[in-house]
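Here are the chains, one letter per residue:
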Amino acid sequence: MPLLNLFKRKAPRTSKLKIKRKTRKTKAKKKTIKKTSKKFENRFQKFYHLNKTRLNKERRSKYKDHKKIGICVRCKRKALKGLTFCSYHRKKQAEYNKKRNK
Ligand SMILES: [Zn+2]
């Protein structure tokens, strides 16, 4: 009889503790998963994904306007003849192309 009583007392206590620990761990994991999968990593990404169609339209229209007028596409300086870049951004673009072709 005393042996049975000991088992009865000990068994539920340990199991309760284990369950508590497990629930805590799973809760923490669920939170991180929700943040990464459902929501956006930060407010800037959220803004971009919610407004990307409008933002991309604005960028393209700005590119066309600058190209027509003859202004650099990346800044407000005058573009070189037959190019969409100013002298500074032409150099920058050449550097990017070198890196890409390596
Ligand atoms: Zn420029």
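Scroll up a little and you will see the structure.
Residues numbered from 1 in each chain as written. Predicted model: local features only at pLDDT ≥ 70, side-chain atom pairs only at ≥ 80, totals over all residues.

Novice: Got a minute to help me understand the overall build of the chain in this structure?
Specialist: Broken down by element type, the chain carries three helices and zero strands. Going residue by residue from the N terminus, the α and β elements of the chain occur as α-α-α. Burial analysis of the chain (102 residues in total) assigns 2% to the buried set. In the chain, 0% of the contacts between residues at least 6 apart in sequence involve partners at least 24 apart. (Helix = DSSP H or I, 4+ residues; strand = E, 2+ residues; numbered from the N terminus. Buried ≥ 20, exposed ≤ 12 C-beta atoms within 10 Å, placed from the backbone. Contact = placed C-beta atoms within 7 Å.)

Novice: Just to check I follow, could you spell out the environment of lysine 68 for this structure?
Specialist: Checked against the element boundaries, lysine 68 lands in helix 2 (residues 43-69). Under the C-beta neighbour-count criterion, lysine 68 is labelled exposed, with 8 such atoms within 10 Å. As a C-alpha pair, lysine 68 and threonine 84 span 16 residues in sequence and 9.3 Å in three-dimensional space.

Novice: Help me understand helix 3 (residues 87-101) in this model?
Specialist: Each turn of an α-helix holds 3.6 residues, which means side chains three or four residues apart point in the same direction. Between the first and last C-alpha of helix 3 there are 21 Å, a value that for 15 residues agrees with the 21 Å anticipated at 1.5 Å per step. Across the 15 residues that make up helix 3, only a small minority, zero, are buried. (Expected span 1.5 Å × (residues − 1).)

Novice: Is there a simple way to think about helix 2 in this case?
Specialist: At asparagine 51, helix 2 shows its maximal bend, which comes to roughly 75 degrees. In terms of burial, helix 2 is largely open, as just zero of its 27 residues are buried. (Bend = angle between axes of the 7 residues up to and from the residue.)

Novice: How should the environment of alanine 79 be read in this particular structure?
Specialist: Residue placement: alanine 79 occurs in the loop between helix 2 and helix 3. A C-alpha to C-alpha distance of 9.2 Å links alanine 79 and isoleucine 69, two positions ten residues apart in sequence. Ignoring any residue separated from it by four or fewer positions in sequence, one finds alanine 79 in contact with Gly70, Ile71, Cys72, Thr84, Phe85 and Cys86.

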